[in-house]
Amino acid sequence: KRDLLRGILDRWFSQVPDIRWQTVLSQAEPFCNTISFVCTRPTALREALARAGIGTTSFTPPLNRLPAFRSGTYIRIHDHAQQLFDQCIRIPDALEKSEAEWARISETLRTHVNPA
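Everything numeric here is computed off the predicted structure, so don't read it as measured data.

Caption draft 1: Structural detail: the environment of A44. Take A44: it is sitting in helix 2 (residues 42-51). Each C-alpha atom of the pair A44 and V113 lies 9.8 Å from the other, and the pair is 69 residues apart in sequence.

Caption draft 2: Structural context of the nonpolar core. One finds F13, I19, W21, F37, L45, W102 and L109 to be the most contacted residues of the largest nonpolar core, which totals 19 residues. Where this core is concerned, the elements lending two or more residues are helix 1 (2-13), strand 1 (19-21), strand 2 (35-39), helix 2, strand 3 (88-91) and helix 4 (99-113). Broken down by element, the residue count for this core peaks at 4 residues, all from helix 4. If near-sequence neighbours (up to four positions away) are discounted, F13 is found in contact with I8, W21, W102, I105, S106, L109 and R110.

Rules and cut-offs
Numbers given for residues are sequential positions, taken from 1 along each chain in its written order. Totals for whole chains, interfaces and linings use every residue, but because this is a predicted model, local features are given only for residues with pLDDT of at least 70 and side-chain atom pairs only at 80 or more, for both listing and counting. The side-chain quantities take in all heavy atoms of the structure and omit both hydrogens and water. The way it works is that DSSP assigns letters per residue, a run of H or I at least four long becomes a helix, a run of E at least two long becomes a strand, and they are numbered from the N terminus. Only buried residues count toward a nonpolar core. Its members are Ala, Val, Leu, Ile, Met, Phe, Trp, Tyr and Cys residues joined through side-chain atoms within 4.5 Å. Burial here depends on accessible area, computed with a 1.4 Å probe over protein chains only, as a share of the maximum for the residue type. Under 20% is buried, over 50% is exposed, and the range in between is partly exposed. Working rule for contacts: check all heavy atoms of both residues, and any pair within 4.5 Å makes them a contact.

Written out as structure tokens, the structure reads:
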């Protein structure tokens, strides 16, 4: 499954700038039902994908942002969980999508990232 998804990402998204796809370590067995990427303009990109009828989700809010944990002191220098929450977009049902759906997602990303 990982090789199939990697092939899809390489084929449709390798030339889309401003997007970094999640990587899976070679020793890991990925679940791959949801694939994620980080970008610099996630709000606008989520809106563009929604207008194209492409569903997305976000990460779970970081624990340190929930009311019960706000006074915690475990965030020291970089709040990576918040950064992922802010910049990450998840595409659900990655392995169930057809080539046509991936092509549409790719075209939407290219249009948004490189407007004519």
